[in-house]
Amino acid sequence: MRKIILIIALVLVSNTLFAQSVFDKFDNQDDITTIIVNKKMFTMLSKVDAKDKQSQQYINLIKKLDNLKVFVTANDKKSDDMKAVADKYIKTAGLEELMRINDKGKTVKIYVKSGATDSQVKELLMFIEGSGKEESVLMSLTGNFNLDELSALTDKMDLPGGAELKKASKK
């Protein structure tokens, strides 16, 4: 009986530990702006009555999302730390590069973990490496969604890196 209780306790503790993201270390840090939207908020937003086709696309997408985390900084040291954590995560999480853009000193990399089909995405990770006065952006989006649907989300939520995601969804 004691073994069963111990096993259940270990499973519960491990689930709690794995529920946290490797990117949570950037939350509540000085010089890093954080945007975190959880499943509960997406569920609440999906209950809004759509007035037009674009709003309906937005609602259809948010029903499929689980978690959104965006971290933005202009601090070079914090940016380097975000890049190192993202690079390590990309290797361990089995993400594949979707696209890379170098434009005016700014490097944008977008990675995905595919879902059941080629068009479905379970996870999207984007890192925009700013240079000079440009901000660096780390964004993680999880759920089960289609990449083409993301343009509606970026338009409605005015997310950092939205223009880059639109380029990716068109390719």
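The structure under discussion appears in the preceding block.
All figures in this text were calculated on a predicted structure; none of them were measured in a lab.

Student: Got a minute to help me understand empty space enclosed by the protein in this structure?
Tutor: Empty space among the atoms becomes apparent when a probe as large as a water molecule is rolled across them. If you walk through the whole model with that rule in mind, you get 1 cavity of 30 Å³ or more. In this model, the largest cavity occupies a volume close to 50 Å³. If you go around the largest cavity, the residues you meet are Lys83, Ala86, Asp87, Ile90, Lys109, Tyr111 and Phe127. Of all the elements in the fold, those that place two or more residues in the lining of the largest cavity are helix 4 (76–93) and strand 4 (106–114). Of the residues assigned to the lining of the largest cavity, the class counts are 4 nonpolar, no polar and 3 charged.

Student: How should I be thinking about the side chain of serine 136 in this particular structure?
Tutor: With respect to the helices, strands and loops of the structure, serine 136 is situated in strand 6 (residues 136–146). The buried category is assigned to serine 136, whose relative accessible area is 2%. Among the polar contacts listed, one links the side chain of serine 136 to the side chain of serine 79, at a separation of 2.5 Å. There is a polar contact of 3.1 Å between the side chain of serine 136 and the backbone nitrogen of glycine 130. Setting aside residues no more than four positions away along its own chain, serine 136 makes contact with Phe71, Val72, Thr73, Ser79, Met82, Phe127, Ile128, Glu129 and Gly130.

Student: Explain the pairing of strand 5 (residues 120–129) here, please?
Tutor: Two faces, one strand: in a regular strand the side chains alternate between the faces of the sheet. With 7 of 10 residues buried, strand 5 lies mostly within the body of the structure. Direction of pairing for strand 4 relative to strand 5: antiparallel, over a ladder of 8 bridges. Counterpart to valine 108 in the pairing with strand 5 is isoleucine 128. Where strand 5 and strand 6 come together, 8 bridges link them in antiparallel fashion. Paired with leucine 125 across the two strands is serine 140, which belongs to strand 6.

Student: Would you take a moment to explain the sheet that holds strand 1 (residues 32–38) for this structure?
Tutor: With respect to topology, 6 strands assemble into an open sheet ordered 1-2-6-5-4-3, the strand pairing being antiparallel. A single partner strand is all that each edge strand has here, and the edge strands are strand 1 and strand 3 (96–103). Averaged over all neighbouring strand pairs, the angle between strand axes comes to 10 degrees, with direction disregarded. Direction of pairing for strand 2 (residues 65–73) relative to strand 6: antiparallel, over a ladder of 8 bridges. Bridge pairing in strand 6 places leucine 68 opposite leucine 141.

Student: Explain the side chain of glutamate 123 here, please?
Tutor: With respect to the helices, strands and loops of the structure, glutamate 123 is situated in strand 5. Buried and without a salt bridge, glutamate 123 has lysine 113 as its closest oppositely charged side chain, separated by 4.2 Å. Here tyrosine 89 takes part through its side chain, which lies 2.5 Å from a polar atom of the side chain of glutamate 123. Residue contacts for glutamate 123: discarding those within four places in its chain leaves Tyr89, Leu95, Tyr111, Val112, Lys113, Ser140, Leu141 and Thr142.

Rules of the game
Residues numbered from 1 in each chain as written. Predicted model: local features only at pLDDT ≥ 70, side-chain atom pairs only at ≥ 80, totals over all residues. Heavy atoms only, no water. 1 Å grid on protein atoms, 1.4 Å probe; cavity = no way out; pocket = protein on both sides within 12 Å on 5 of 7 lines; lining within 4 Å. Points joined across faces, edges and corners; volume = space filled by probe spheres on them. Helix = DSSP H or I, 4+ residues; strand = E, 2+ residues; numbered from the N terminus. Nonpolar A, V, L, I, M, F, W, Y, C, P; charged D, E, K, R; others polar. Buried < 20%, exposed > 50% of the residue type's maximum accessible area, 1.4 Å probe, protein only. Polar contact = N/O pair within 3.5 Å; in protein donor to acceptor, adjacent residues only side chain to side chain. Contact = heavy atoms within 4.5 Å. Pairing = 2+ DSSP bridges. Axes fitted to C-alpha atoms, helices over the stretch in contact; angles between N-to-C directions. Lys, Arg positive; Asp, Glu negative; His and termini not counted. Salt bridge = Lys/Arg side-chain N within 4 Å of Asp/Glu carboxyl O.

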